[in-house]
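Results of the structural survey
Each chain is listed here by its residues.
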Amino acid sequence: MVTLKLSRQVTAAEYHGVPAIARGMRAYGSTLEIAWTTLETVAETTDDIASILATVEARGRTQDEHAAIVARREEEAERARIAEVERLRQLAEKIKFD
C-alpha cells in the first residue's frame, strides 16, 4: 500500500469516484491510497495516476454542479410552496360570511 498526500481535500463525489474508476485506489481527506503497488511503480506511472485523478476530479465537478442545480431547484420549489401556502392563508382570511 502506497499512501500519498494530495494538495487538497477530496469532495464527496471524488471520494466515491476514485474506487469506481481506479480499482485498488481510495481517496479520503487529502490522502490517496494505492493498494497492491510499490513506491517505485507509483513513480513510474505518475502520468497515469495524474490522468486518473483528473478524470475523477472532472466527474466529481460535474456531479457537484448537478447536485447544486438540483438543490437550487428544490429550494425554489420550497419557496414557491411556502408562497402559495401564504397566498391561500391570506385569501382564506379575506373570506367572511356575515
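See the structure above.
Residues numbered from 1 in each chain as written. Predicted model: local features only at pLDDT ≥ 70, side-chain atom pairs only at ≥ 80, totals over all residues. Heavy atoms only, no water.

Quick look at the pairing of strand β3 (residues 31-34)
- Residues of β3 alternate between two faces, with T31 and E33 on one and L32 and I34 on the opposite face, all of them buried.
- Across 4 bridges, strand β1 (residues 2-5) lies against β3 in antiparallel orientation. Within β3, the position partnered with L4 by the bridge is L32.
- In this sheet, β3 lies alongside strand β2 (residues 25-28) in antiparallel orientation, the contact comprising 4 bridges. Note that in β3 the partner of A27 across the bridge is L32. (Buried < 20%, exposed > 50% of the residue type's maximum accessible area, 1.4 Å probe, protein only. Helix = DSSP H or I, 4+ residues; strand = E, 2+ residues; numbered from the N terminus. Pairing = 2+ DSSP bridges.)

Describing the layout of surface pockets
- By volume, the largest pocket amounts to about 200 Å³.
- Forming the walls of the largest pocket are L6, S7, R8, Q9, V10, E14, V18, A27, L53, A54, V56 and E57.
- Broken down by secondary-structure element, the contributors of at least two residues to the lining of the largest pocket are α1 (12-21) and α3 (46-94).
- Residue contributions to the lining of the largest pocket peak at 4 residues, all from α3.
- Of the residues assigned to the lining of the largest pocket, the class counts are 7 nonpolar, 2 polar and 3 charged. (1 Å grid on protein atoms, 1.4 Å probe; cavity = no way out; pocket = protein on both sides within 12 Å on 5 of 7 lines; lining within 4 Å. Points joined across faces, edges and corners; volume = space filled by probe spheres on them. Nonpolar A, V, L, I, M, F, W, Y, C, P; charged D, E, K, R; others polar.)

Some details on the pattern of salt bridges
- In this structure the tally under the stated criterion is 8 salt bridges.
- Notably, a salt bridge pairs E33 with R26, separated by 3.1 Å at the nearest N-O pair.
- Among the residues examined, E33 registers a relative accessible area of 13% and is labelled buried.
- Between R87 and E84 there is a salt bridge; the shortest N-O distance is 2.7 Å. One end of the pair is R87 and the other is E84, both in helix α3 and 3 residues apart, which spans about a single turn.
- Since its relative accessible area comes to 35%, E84 is described here as partly exposed.
- Each of R8, E14, E57 and R61 takes part in one network of salt bridges that share partners. (Salt bridge = Lys/Arg side-chain N within 4 Å of Asp/Glu carboxyl O.)

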